[in-house]
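# Summary of the model geometry
The primary structure of each chain is shown beneath.
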Amino acid sequence: MTGGQGQARPIRLGPRSITALLLVSAVGVAAVGWPFLAPPTSQVSAHAQDAPWLFTGLLLLLVAVVAATISESGLGPKAVAMLGVLAATGAALRPLGAGTAGIEPMFFLMVLSGRVLGPGFGFVLGAVTMFASALLTGGVGPWLPFQMLSMGWFTMGAGLLPGADRLRGRAELVLLAGYGFLAAFAYGTVMNMQGWPFLVRDGSNISPDPEAGPLANLARFVAYCLATSLGWDLGRALVTVVLTLTLGPAILRALRRATRRAAFESPVTFDAPTG
């Protein structure tokens, strides 16, 4: 019997997988962005009304992504097992920095996993990991669907980085560390976007003003990010960079070895008997 023994490759995306990812991403962008267009008299309060619907829709779309990836890439129990192991590991890493600004070691594992396993698997892994960590830490609330979306995008982005088949060594680590640094700020920015429109209008220069123009509110939002989350985002980014550069080589080798041995996309064939 022979299987795939060559170089580990990211799990490919087919047409149905791409369609499902685009759909779930479109839902996420709309869910994050629509409050900016809500009229001043809107009674929506911090996504309390739309979060349950978004949560349900997100789970259904995640199932669609998984189903599309399995049907197009031939993934089986081994891929599901790896998804479970990585999600459980990421969920266990998240509480290690509880109460300390920016110490969130799960982010570097998501970067490395997305790099090895590809954007489709990476998106599902990021979302499932955030869901599992919320159950573990008791962090279930209206913000959870947005955390799942943001972490899914974060991990998917690592799978979309160039040079997945060729780039190795120090250059790859620098690429992943640079991505992790920038994406850590992007994650924080998206999470700020889902809550900032619902701040109480208090006359400060960081709360939203429905009567101001888009540029004025953009300036207020930037001021809000700088005043409230810069420390957390910077800490998250630096921790991701340090862990990627120090632990990255060993974890990348382990993930690629596991992917080769699992041979997710390699069909199993039987050699004809000799003699």
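Residues numbered from 1 in each chain as written. Predicted model: local features only at pLDDT ≥ 70, side-chain atom pairs only at ≥ 80, totals over all residues. Heavy atoms only, no water.

## Description of the nonpolar core
Ranked by size, the top nonpolar core spans 49 residues in total, and within it F123, L125, M130, M151, F154 and Y187 carry the most contacts. Those residues in contact with M151, other than ones at most four positions away along the chain, are M106, F107, M110, G126, M130 and Y187. (Core = buried A, V, L, I, M, F, W, Y, C linked by side-chain atoms within 4.5 Å. Buried < 20%, exposed > 50% of the residue type's maximum accessible area, 1.4 Å probe, protein only. Contact = heavy atoms within 4.5 Å.)

## Some words on helix α1 (residues 15-33)
With 19 residues, α1 extends 27 Å between its outermost C-alpha atoms, agreeing within 8% with the 27 Å of an ideal straight helix rising 1.5 Å per residue. Looking only at α1, the buried set comprises S17, A20, L21, V24, S25, G28, A31 and V32. Viewed end-on, α1 has its buried residues packed into an arc of 125°, placing them on one side of the element. Exposed residues on α1 whose side chains face more than 90 degrees from its buried face are P15, T19, L22 and V29. (Helix = DSSP H or I, 4+ residues; strand = E, 2+ residues; numbered from the N terminus. Expected span 1.5 Å × (residues − 1). Arc of directions from axis to C-beta.)

## Points about the pattern of salt bridges
Where side chains of opposite charge bring their charged atoms close, a pairing between them can arise. Enumeration over the complete set of coordinates arrives at five salt bridges. With a closest N to O distance of 2.8 Å, R236 and E104 form a salt bridge. Taken together, the residues span a long stretch of sequence, with R236 in helix α9 (residues 230-262) and E104 in the loop between α3 (77-93) and α4 (106-117) at a distance of 132 residues. Here D233 makes a salt bridge to R236, at a shortest N to O gap of 2.8 Å. Placement of both D233 and R236 in helix α9 is noted, with a separation of three residues, approximately one turn of the helix. Residues D233 and R236 agree in their burial class; the two are buried. (Salt bridge = Lys/Arg side-chain N within 4 Å of Asp/Glu carboxyl O.)

## Considerations on the packing of aromatic side chains
Tallied over the entire structure, the rule returns four aromatic pairs. Taken together, a centroid distance of 5.1 Å and an interplanar angle of 85° make the contact between F107 and F154 edge-to-face. Highlighted residues: F107 in helix α4 and F154 in helix α6 (residues 144-159), separated in sequence by 47 residues. The pair F107 / F154 is uniform in exposure class, with both members buried. Look at F154 and Y179: their rings are 6.0 Å apart centre to centre, the planes differ by 50°, and that puts the pair in the tilted class. Placement of F154 in helix α6 and of Y179 in helix α7 (residues 170-195) is noted, with a sequence separation of 25 residues between them. Here a set of aromatic residues connected by ring pairs shows up, and it is made of F107, F154, Y179 and Y187. (Phe/Tyr/Trp six-rings, centres within 6.5 Å; stacked < 30°, edge-to-face > 60°.)

## Topic: the environment of V241
Within the secondary structure, V241 is located in helix α9. Once the C-alpha coordinates of V241 and V174 are considered, the two residues, 67 residues apart in sequence, prove to be 8.7 Å apart. With sequence-adjacent residues up to four places away left out, V241 is seen in contact with A177 and F181.

## A few points about a nonpolar patch on the surface
Residues L215, L218, V222, L226, L230, L234 and L238 make up a contiguous nonpolar surface patch of roughly 660 Å² in combined accessible area. Where the nonpolar patch is concerned, the elements lending two or more residues are α8 (214-228) and α9. Top element by residues in the nonpolar patch is α8. It accounts for four residues. Inspection of the secondary structure assignment puts L215 in helix α8. Judged by relative accessible area, which is 71%, L215 ranks as exposed. (Patch = residues over 30% accessible without salt bridge, like charges linked within 9 Å, V, L, I, M, F, W, Y side chains within 5 Å. Areas by Shrake-Rupley, 256 points an atom, 1.4 Å probe, with all protein chains shown as cover.)

## Quick look at the environment of V222
Mapped onto the elements of the fold, V222 is located in helix α8. For V222, a relative accessible area of 42% gives the class partly exposed. Considering only alpha carbons, one finds V222 and I206, 16 residues apart in sequence, at a separation of 7.9 Å.

## Considerations on the side chain of T244
Assignment of secondary structure puts T244 in helix α9. Owing to a relative accessible area of 0%, T244 belongs among the buried residues under this scheme. One polar contact links the side chain of T244 to the main-chain carbonyl oxygen of T240, over a distance of 2.6 Å. Leaving out residues up to four positions away in the same chain, T244 has contacts with F108, L112, L173, L176, A177 and P249. (Polar contact = N/O pair within 3.5 Å; in protein donor to acceptor, adjacent residues only side chain to side chain.)

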